[in-house]
Amino acid sequence: MSATALRIALVGNPNCGKTALFNLLTGGRQKVANYAGVTIERKEGRFTTPSGRVLQILDLPGTYSFDANSPDEQITRDVLEGNYPGEAAPDLIVCVADATNLRLHLRFVLEVKRLGRPVVLALNMMDAARRRGIVIDVPELQRRLGIPVVETVAVKRGGAAALVERVDGDMPVAAAASLDDGPSRANLHVQVRELLAATVSMPRQTAELDDALDRWALHPVFGLLILGVVMFLVFQAVYAAGKPMTDLIGDGFGWLGDHAAASLPVGPIKSLVVDGLFGGIGTVIGFLPEILVLFFFILLLEESGYLPRAAFLLDRLMMSVGLTGRSFIPLLSSFACAIPGIMGTRSIQDPRDRLATILVAPLMTCSARLPVYALLIGAFIPMHHVLGIFNLQGLVLFALYAAGILGAMAVGWVIKRIHRDKSEHALLMELPSYRMPKPRDIAIGLWERASIFLKRLTGVILALTIIMWAISTFPGPPAGATGPAIDYSIAGYMGHYLQYIFAPLGFNWQISLSLIPAFAARETAVAALATVYAVGGDSDTVGLAHALAANFSVASALSLMVWFAFAPQCMSTLAVIRRETHSWRNVAISFGYMFVVAYVASLLTYQIARLFA
Amino acid sequence: MRLSDLPKGAPAVVDRVDDAHAADPIAQRLRDLGFVDGEPVRVVAIGPVGADPLLIQIGSTRFALRRTEAARVTVRQEAA
């Protein structure tokens, strides 16, 4: 047993099951960070072998080749060669290859081997390969490659046993580097062909199941129909499954607040705890179930292999509005949060497509807007059924999501028209085999995303909730004042001032006020409104909804929802845009266009809705 | 003939990938992904809008290529 941990790097082509293998080895014990200066995820985990050896496992971004025009591939190569500043070269490279797709994956194995570092090849998805009747002569492959080869099944408990045994034993010797730069690229393919001919027999090139599913999923008519139905069901499910849990959490926090209140003396501290902390945070945490339901479906679509199919179907459509099929995945992530969405645009190699995707990503309705929508819909849209099956609240939610998408299409189209660069931009996207999503991978993904949301919640939202409470409590009303106390506070003054700008949109000063913390994080608008209106009533969601319904019109509510559909995104998103594009100009463009679009759209909504009211 | 002109389902073999312009990264990526001389290819699906993109089967892998990308690949249809 060595004193220091053995450093292992996992590499492989995209879709080789590398991340599933990483999850299997490390379980929940993962640390996700970013490489300095860039936003490529650095995932690291620990694992202790049966003999007590500690392994430090690094999951590197998926790569097709080292020719690398993308930053992910550059980083992968630098880390493997030990050229990445602050990152020691790994003691061992585990190159993961999909056993059902060796023709593609072996080429990268050969490239990795040429680095001249210790390499183990993990033939992953061996279960799927066997099911399809693929026979691999592992000893022969090992002999010809000159590196150890182990079989793994990343989706099965104990599926990495052979790999663990291998790294627990002696370190494999480094494969010899080809100093003369070895075979040319075309020769790598020749080598792969020879290896395949000697070691692999495949009864059929593709899985029959994939062919059958793709006949429907990629069908020009049924494919689009299926996509539409999938998206619609996801959004209905977010509302139907998330809502009851949300109510439960709201009640729970109300109960906690009451109990805390009973043990505290009357005064500002009691007011801070009950109205500020339990009221504000309870309201926002209450929306976590809805957000998790959405994350769950995105993960499910991602893991099953359906997302690239959707990208295939939509590529032409996206291209006509200046985007690419690849934009679909970052844009879909942006429905959860624009930050991972914008970070995900790194998979778009083309700078112009990437910038266009970054600029429109915040128009996708992120989960932070969901609390605001849910609150307003709950308060102003009657709960009845349309055509017997659809609930009107769900339809309004769907319409708000659709507004974001249509807005994004319009903006993409405009960007395309005014952009000078009219050259060609590639799609080149692999459609992986369909896979049954594994509960472990879904659970880990869900946990990762939920903890990011909760970290933001506890930090930013807690601070803002307290600030909001303070500015809406102090200074207290003068003796003999008749209006509500908050009218005399700092918040009251700020809200009244902002109202001059927002009055044409139908916003009263309380709404105008809530837009200040909303800029820090949109979901805090709910907490802010809860604090502002807590003066006379309950601080749970239902109580807040009643307070809102009593205090402003349906036209104002619609206008506010439209505002949130288009308004300049949160500070964190702007910071990510700055970091991803290294340009304040892009931040200014992003903020500016969204403010104008939101203002005009809300103005129209309010004025038109008033005519019908 | 060009891969972009290959009828759906018709078996063919890659002949070569041409650079559309000097140091064409798209052509290089295609070669890295296995579009090299002698590799069997097939068009398995066609995008719903404007018959674009194409889904190309090469070996056991399926790649979505836009028509302009597929046009870089020259294929020969081998008489069965």
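On a predicted model such as this, the values are computed, not experimentally measured, just so you know.

The rules behind each value
- Residues numbered from 1 in each chain as written.
- Chains lettered and ligands numbered in written order.
- Predicted model: local features only at pLDDT ≥ 70, side-chain atom pairs only at ≥ 80, totals over all residues.
- Heavy atoms only, no water.
- Helix = DSSP H or I, 4+ residues; strand = E, 2+ residues; numbered from the N terminus.
- Rg over C-alpha atoms; globule rule 2.2 N^0.38 Å.
- Buried < 20%, exposed > 50% of the residue type's maximum accessible area, 1.4 Å probe, protein only.
- Contact = heavy atoms within 4.5 Å.
- Areas by Shrake-Rupley, 256 points an atom, 1.4 Å probe, with all protein chains shown as cover.
- Pairing = 2+ DSSP bridges.
- Phe/Tyr/Trp six-rings, centres within 6.5 Å; stacked < 30°, edge-to-face > 60°.
- Polar contact = N/O pair within 3.5 Å; in protein donor to acceptor, adjacent residues only side chain to side chain.
- Arc of directions from axis to C-beta.
- Core = buried A, V, L, I, M, F, W, Y, C linked by side-chain atoms within 4.5 Å.
- Buried area = accessible area lost by both parts, 1.4 Å probe.
- Salt bridge = Lys/Arg side-chain N within 4 Å of Asp/Glu carboxyl O.
- Nonpolar A, V, L, I, M, F, W, Y, C, P; charged D, E, K, R; others polar.
- Disulfide = S-S within 2.5 Å.
- Axes fitted to C-alpha atoms, helices over the stretch in contact; angles between N-to-C directions.
- Left-handed = near helix turned anticlockwise from the far one by under 90°.
- Patch = residues over 30% accessible without salt bridge, like charges linked within 9 Å, V, L, I, M, F, W, Y side chains within 5 Å.
- pLDDT = per-residue confidence, 0-100.

Asker: Honestly, the overall build of chain B in this entry has me stumped. Any pointers?
Answerer: Broken down by element type, chain B carries two helices and five strands. The secondary structure elements of chain B, listed N-terminal to C-terminal, are β-α-β-β-β-α-β. Its C-alpha atoms give chain B a radius of gyration of 12 Å, within 12% of the compact-globule value 12 Å for 80 residues. Taking the principal axes of its C-alpha atoms as reference, chain B extends roughly 30 × 30 × 20 Å. Counting only residues that meet the buried cut, chain B has 56% of its 80 residues in that class. If you take every contact in chain B between residues at least 6 apart in sequence, the share linking residues at least 24 apart comes to 59%. Accessible area of chain B: about 3,100 Å², with a carbon and sulfur share of 55%.

Asker: Just checking my understanding: could you explain the sheet that holds strand β4 (residues 61–65) of chain B for this structure?
Answerer: Strands pair in a sheet through their backbones, by hydrogen bonds, and they do so in one of two ways: parallel or antiparallel. Spatially, six strands are ordered β12(A)-β4(B)-β3(B)-β2(B)-β1(B)-β5(B) in an open sheet, and the strand pairing comes out antiparallel. Of all the strands in the sheet, just β12 (429–430) of chain A together with β5 (73–76) of chain B have a single pairing partner and so form its edges. Pairing geometry for strand β3 (residues 52–58) of chain B and β4(B), over five bridges, is antiparallel. Looking across to β4(B), one finds that B:I56 is bridged to B:F63.

Asker: Just checking my understanding: could you explain the packing of aromatic side chains for this structure?
Answerer: Ring pairs (aromatic) are described by centroid distance and by the angle formed between their planes. Residues and elements named next belong to chain A. For the structure on display, the rule yields 12 aromatic pairs over all chains. Here W563 and F595 contribute two aromatic rings whose centre-to-centre distance is 5.7 Å and whose plane-to-plane angle is 90°, an arrangement assigned as edge-to-face. Of this pair, W563 sits in helix α23 (residues 554–566) while F595 is found in helix α25 (residues 584–612), placing the two residues 32 residues apart along the sequence. Residue class for W563 comes out buried when judged on its relative accessible area of 5%. Of the residues examined, F595 reaches a relative accessible area of 29% and is grouped as partly exposed. Here the aromatic residues F502, F507, W563, F591, F595 and Y599 are joined through ring pairs into a cluster of three or more.

Asker: Help me understand the environment of A:Y373 in this model?
Answerer: Residue and element names in this part refer to chain A. Its place among the elements puts Y373 in helix α16 (residues 369–380). As for Y373 and M561, which are separated by 188 residues in sequence, their C-alpha atoms are 6.3 Å apart. Contacts of Y373, omitting those with residues within four sequence positions, involve T365, G378, L397, L400, M561, F564 and A565. Within the structure, the side chain of Y373 is placed 3.3 Å from the backbone nitrogen of A565, a separation counted as a polar contact.

Asker: What is the right way to look at helix α5 (residues 138–145) of chain A in this model?
Answerer: Residue and element names in this part refer to chain A. Buried within α5 are the following residues: V138, E140, L141 and L145. Seen along its axis, α5 keeps its buried residues to an arc of 160°; they face one direction. The exposed set on the far side of α5, more than 90 degrees from its buried face, consists of P139 and R143. Looking at where α5 begins, the residue whose side-chain oxygen comes 3.2 Å from the main-chain nitrogen of E140 is D137. Among the residues trailing α5, G146 stands out with phi positive, at a value near 75°.

Asker: Looking at this model, I keep getting lost on the nonpolar core. Mind explaining?
Answerer: As a rule of thumb, nonpolar side chains are buried together in soluble globular proteins. Counting residues in hydrophobic clusters, the biggest one holds 96 residues, and the most contacted among them are A:F312, A:L548, A:W563 and A:F564. Listed in part, the 38 residues of the second largest apolar core include A:A9, A:I75, A:A99 and A:I147.

Asker: Help me understand the interface of chain B and chain A in this model?
Answerer: It is common to give the size of an interface as the accessible area lost on bringing the parts into contact. With 36 residues of chain B in contact, the opposing surface of chain A contributes 40 residues. A combined buried area of about 3,200 Å² lies between chain B and chain A, and 54% of that area is made up of carbon and sulfur atoms. Of all residues in chain B, B:R29, B:R62 and B:R66 give up the largest surface area on contact with chain A, accounting jointly for 23% of the area buried on that side. Remark: the boundary between chain B and chain A carries eight salt bridges. For A:R316, the salt bridge is made with B:D52, and the minimal N-O distance between the two is 3.5 Å. Summed over the shared surface of chain B and chain A, the number is 18 residue pairs in polar contact (both at pLDDT 80 or more). Its residues placed into classes, the side of chain B that touches chain A shows 16 nonpolar, 10 polar and 10 charged. Relative to β4(B), β12(A) runs antiparallel, the two sharing two bridges. Opposite A:M429, over in β4(B), you have B:A64 as the bridge partner.

Asker: Please explain the state of the cysteines as it appears in this structure.
Answerer: Linking two cysteines covalently through their sulfur atoms gives a disulfide. Residue and element names in this part refer to chain A. Enumeration according to the criterion identifies zero disulfides over all chains in this entry. With no disulfide of its own, C95 lies 7.7 Å from the sulfur of C16, the closest cysteine sulfur. Here C95 falls in the buried class, since its relative accessible area comes to 1%.

Asker: Whenever I open this one, the pairing of strand β2 (residues 40–49) of chain B confuses me. Can you help?
Answerer: A regular strand carries its side chains on alternate faces of the sheet. Residue and element names in this part refer to chain B. As paired elements, strand β1 (residues 12–17) and β2 share two bridges and run antiparallel to each other. Paired with A12 across the strands is V41, a residue of β2. Hairpin connection between β2 and β3: a loop of two residues separates the two successive antiparallel strands, and G50 in this loop has a positive phi of roughly 65°.

Asker: Is there a simple way to explain the packing of helix α24 (residues 571–581) of chain A against α25(A) in this structure?
Answerer: Between two packed helices, both the angle of their axes relative to each other and the distance between the axes serve to describe the pair. Residue and element names in this part refer to chain A. For the pair α24 and α25, interaxial distance at closest approach is 8 Å and the crossing angle is 145°. Crossing handedness for the pair α24 and α25: right-handed. For the pair α24 and α25, contact is made by L574, I577, R578 and T581 and by W584, N586, V587, S590 and F591, respectively. Here the residues of the contact of α24 with α25 are counted per class, giving five nonpolar, three polar and one charged.

Asker: Looking at this structure, I do not really get a nonpolar patch on the surface. What am I missing?
Answerer: Residues and elements named next belong to chain A. On the surface, V596, V600, L604, I608, L611 and F612 cluster together into a nonpolar patch covering about 660 Å² of accessible area. With respect to the helices and strands, L604 occurs in helix α25. A relative accessible area of 49% means that L604 is categorised as partly exposed.

Asker: What is the right way to look at the side chain of A:T63 in this model?
Answerer: All names here are of chain A. Topologically, T63 is positioned in the loop between β4 (54–59) and α2 (71–81). Here the side chain of T63 touches T76 through a polar contact of 3.5 Å, side chain to side chain. Contact partners of T63, with chain neighbours within four places excluded, come to G12, N13, P14, E73, T76 and F108.

Asker: Which parts of the structure should I look at to understand the confidence of the model for chain B?
Answerer: A low pLDDT score tells you not to read the predicted coordinates there in detail. Residues and elements named next belong to chain B. Predicted confidence across chain B gives a mean pLDDT of 90, with 98% of residues reaching 70 or more. β5 holds the highest mean pLDDT among the elements of chain B, 95, whereas helix α1 (residues 25–32) holds the lowest, 87. Prediction confidence for the complex, expressed as pTM and ipTM, is 0.77 and 0.94 respectively.

Asker: What am I meant to see in the pattern of salt bridges here?
Answerer: A side chain with one charge can pair with a side chain of the opposite charge if their charged atoms come near. Scanning all chains against the criterion turns up 27 salt bridges over all chains. The salt bridge involving A:R107 is made with B:D32; its shortest N-O contact spans 3.2 Å. Here A:R107, found in helix α3 (residues 102–113), pairs with B:D32, found in helix α1, and the two come from separate chains. The same class applies to A:R107 and to B:D32, which are both buried. Within this structure, A:R204, A:E208, A:D211, A:D214, A:R309 and B:R62 form a network of salt bridges that share partners.

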